[in-house]
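# Overview (structure and organization)
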Amino acid sequence: MFRSILKPIVFVFVLWGFLFVADRNGSISFTLNNHSSYFSIDYFCLAFLGLVLGFELFILIFKFVVNLIKKDVLLSNHSFQGDRESIENIQAANKDKIVLSRTQFDEAAILIVKTLGAVTAGLMNEARRLLVSLRKIVGDDAIIDILMLKIYKGEKNFDKMEQLSQKLMQNEDIQLVGMKAALEAQMQKKEFTEALKTVNQAFDVRQDLYWVVSSAFLLRAKSNDWTGALEVLEAGIEKNITPDKKASRLKAVALYELAQQALIDNDKINFFKFITQALQENNKFIPAALDLANYYVKNDNQMRKAEKVLYDMWVENPCYEVAMAYLKLFKDSKSERVQRMEKLALANNKRPSLNNLILAELYLKAKKYAKAKTECKIFLLKNPATQKIAEIIDELDEKTHKKMATSTGLMRSLTQKFTHIGKNNVSLDNYPKDFQWVCANCGHIEDHWEPICPQCSEIGRNYWHLYVDKDVSDIDEI
């Protein structure tokens, strides 16, 4: 710095000496816009010296700022020094800091991008080759291990992936990266016990990450620890991580499962608390409504409360089981049951085919065969034949003692299809089931509601589905 300032000072003094010797009393004039200015040699030399020193100071400040900006450009723990410097390992606070030149930084960044691209394209050998080149620049840096995790994942080598993740978990700076990789590998290997330990460790470290909260909830639920799952979910809700709609769905399932555990323990107080809270979280939760209505009936015979719970559920999310549970509350004759169902059908405008199905069954039992046939006709005009409708029509044919030769119109074609079901290798199993529980995430089908889908492990995504329902764009989950 002093050397660069000394040069202009020496130059100005030499210039002053030359001018002084040439003409001691001389002066220097400048003319601008017809206006002339005169300066003595001493004054001119001092002004020139100030100008040169100011310019040199500006250059020094500019270089200093540029150097600061270059040092602030980082790649992980890599920083720039001079463009001509090579890699240098610096030991500081028990950490290796790798200093890169700008050229080396650019090469390393391009290699990282190319490696990720090769992994995405499934070119694992190419990714490994690029990683070797990157290692020559950055050495054994953590970025090498992170990219190696990507390669192991692409190769589906989950054992190696889990081993490497354990190494990353020892580094505090990338501890969560290692945990996430270990969790993913353990889930792929179906080592749920180990995965639960890993995710609990991650939850202790960070409770504000979506993957931590969602994974911890799933694994605790899989281990039937619904209290722990609810604790995780509450943390996610408090930190505004879990979306409101999903949070309500998951909370309803957790509370319902806690109610089932209380029922096994014969803890009526907690059962009632959890089951009512589950319905408050999701007013379309069919299993919770059925269990709560059953609780009201068995405890103090609270029929009106049971009726209200089932009627409200029928309005919100009508299904066959709710209708049957509702009709079972009353000691009606077969004709009275039909009348009650006719009134109940008026409250169901979401699944009109379900009304036809239930009324056809009740009319048949009440020996109102003409009305039963009418309901079957309406059902089949809109929908394909199902097991229950096939069974009803076959029984109608037997009850009315009509032959196919005398049948006419729609009923004749139906009797041709459904007469003698169970004979000549024709059975009800050849027809689709009337209603099922379907996972909204993967489409897996069950005969009963499950809290966790056995196919895709989604929680609370099962919805009651009438087979003939064609529009599932606005499904009622649970």
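Our subject in this report is the structure included herewith. (Residues numbered from 1 in each chain as written. Predicted model: local features only at pLDDT ≥ 70, side-chain atom pairs only at ≥ 80, totals over all residues. Heavy atoms only, no water.)

### Some remarks on the side chain of Asp-434
- When you line up the elements, Asp-434 lands in the loop between helix H20 (409-418) and strand E7 (435-439).
- Look at Asp-434: it is buried, it has no salt bridge, and the nearest opposite charge is Lys-388 at 5.6 Å.
- At 2.4 Å, the side chain of Asp-434 forms a polar contact with the side chain of Thr-386.
- In this structure the side chain of Asp-434 is engaged in a polar contact, spanning 2.9 Å, whose partner is the backbone nitrogen of Lys-388.
- Contacts of Asp-434, omitting those with residues within four sequence positions, involve Leu-357, Thr-386, Gln-387, Lys-388, Ile-389, His-465, Leu-466 and Tyr-467. (Helix = DSSP H or I, 4+ residues; strand = E, 2+ residues; numbered from the N terminus. Buried < 20%, exposed > 50% of the residue type's maximum accessible area, 1.4 Å probe, protein only. Lys, Arg positive; Asp, Glu negative; His and termini not counted. Salt bridge = Lys/Arg side-chain N within 4 Å of Asp/Glu carboxyl O. Polar contact = N/O pair within 3.5 Å; in protein donor to acceptor, adjacent residues only side chain to side chain. Contact = heavy atoms within 4.5 Å.)

### Some points on the pairing of E7
- Judged by how many residues are buried, E7 sits mostly within the fold: five of five residues are covered.
- Of the two faces of E7, the one lined by Phe-435, Trp-437 and Cys-439 and the one lined by Gln-436 and Val-438 are each fully buried.
- Relative to strand E8 (residues 445-446), E7 is paired through two bridges, and the arrangement is antiparallel. Bridge pairing in E8 places Trp-437 opposite Glu-446.
- Taken together, E7 and the strand that follows it, E8, pair antiparallel across an intervening segment of five residues, in which Gly-443 is found at a positive phi of about 85°. (Pairing = 2+ DSSP bridges.)

### Some remarks on the pairing of strand E9 (residues 462-466)
- Among the five residues of E9, five are classified as buried, and the element is accordingly described as predominantly covered.
- Side chains Asn-462, Trp-464 and Leu-466 of E9 all project onto a buried face; the interleaved residues Tyr-463 and His-465 project onto the opposite face, where all are buried too.
- Across five bridges, E7 lies against E9 in antiparallel orientation. What sits directly across from Val-438, in E9, is Tyr-463.

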